[in-house]
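Fold and contact review
Okay, here's what each chain looks like letter by letter:
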Amino acid sequence: LAWSADGVQLAATCHGEVVLWRPGVGASGDPPQRAPIASAGLALAFSGPSRQLACGMLERSLLLWPEDCQGQPWQFSGFPAKVRQLAWSEVPGRLAPLFASAAAEAVILWTQVNRGSKAWQPEPLLWHEKRVTALAFAPGSTLLASASSDGSVALWDGRGRLLQPLEGQGSGFNVLAWRPDGQHL
């Protein structure tokens, strides 16, 4: 499940479809918007300002719906494993905010450089030795934290540069959360 930042849309995914509700908008009996998908969705995330929706897929791909989830999603494939983690920066970009996805030990930082499906530029961020289990952008920033089952955490800037590797927690991490002011992870 994922709520849009403005609370207008709620998305859910299961095997074979993504369902989008707009509670409180229109008539109360309006049916939800349904989008068939080829596999099972594992993760959902809305961007803040432009309300794009991303869905990480079981069959090693990523679906990305344009603004307000209208039209057909763009599909990106070729990931090394299931796409399990997604995160959007709150900072607006020229066309869309920065977006991050994770599959296996790879983090991919996405920048929209033009309009359309071929307009997203991926930047692989490779440092973790085991599966990435959590992603989180600092509030109001393009600073990205990634955590791994190997017990490491990495801090990346908005251009994909490793700013600070943190090692030492041998049992791994499952979740990351920034303090609301973005000063502490």
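Here, every reference points to the structure presented above.
Residues numbered from 1 in each chain as written. Predicted model: local features only at pLDDT ≥ 70, side-chain atom pairs only at ≥ 80, totals over all residues. Heavy atoms only, no water.

Structural notes on the nonpolar core
The condition is simple: By nonpolar core we mean a set of buried residues, namely Ala, Val, Leu, Ile, Met, Phe, Trp, Tyr and Cys, connected to one another through side-chain atoms within 4.5 Å. Each residue's exposure class comes from its accessible area (1.4 Å probe, protein chains only) as a fraction of the maximum for that residue type: buried when under 20%, exposed when over 50%, partly exposed otherwise. For the purposes of this entry, the term helix denotes a DSSP run of H or I that reaches at least four residues, the term strand denotes a run of E that reaches at least two, and both are numbered from the N terminus. Should any heavy atoms of two residues lie within 4.5 Å, those residues are considered in contact.
Residues Leu62, Phe76, Phe79, Leu86, Phe99, Trp110 and Trp120 are the most contacted members of the largest nonpolar core, which totals 17 residues. Secondary structure elements with two or more residues in this core: β3 (33-46), β5 (61-65), β6 (74-77), β7 (83-88), β8 (99-103) and β9 (106-112). With 3 residues, the single largest contributor to this core is β7. Once residues lying within four places of it in the same chain are set aside, the contact partners of Trp120 are Gln52, Leu64, Trp74, Phe76, Trp88, Ala96, Pro97, Phe99, Trp110, Thr111 and Gln112. With 14 residues, the next largest nonpolar core counts Leu20, Ala35, Phe46 and Cys55 among its residues.

Focus: the pairing of strand β12 (residues 144-148)
Consecutive side chains of a regular strand alternate in pointing toward one face of the sheet and then the other. How we decide: When DSSP finds at least two bridges between two strands, those strands are taken to pair.
Within β12, 5 of the 5 residues are buried, which leaves it mostly tucked inside the rest of the structure. Residues Leu144, Ser146 and Ser148 line one face of β12 and the alternating positions Ala145 and Ala147 line the opposite face, and both faces are buried. Connecting strand β11 (residues 132-137) to the antiparallel partner β12 that follows it, the hairpin turn spans 6 residues, and Gly140 within it adopts a positive phi of roughly 65°. Of the pairings in the sheet, the one linking β12 to strand β13 (residues 153-156) comprises 4 bridges and is antiparallel in character. By the bridge assignment for β13, Leu144 is matched with Trp156. The antiparallel hairpin formed by β12 and β13 contains 4 residues in its connecting segment, where Gly151 sits at a positive phi of about 90°.

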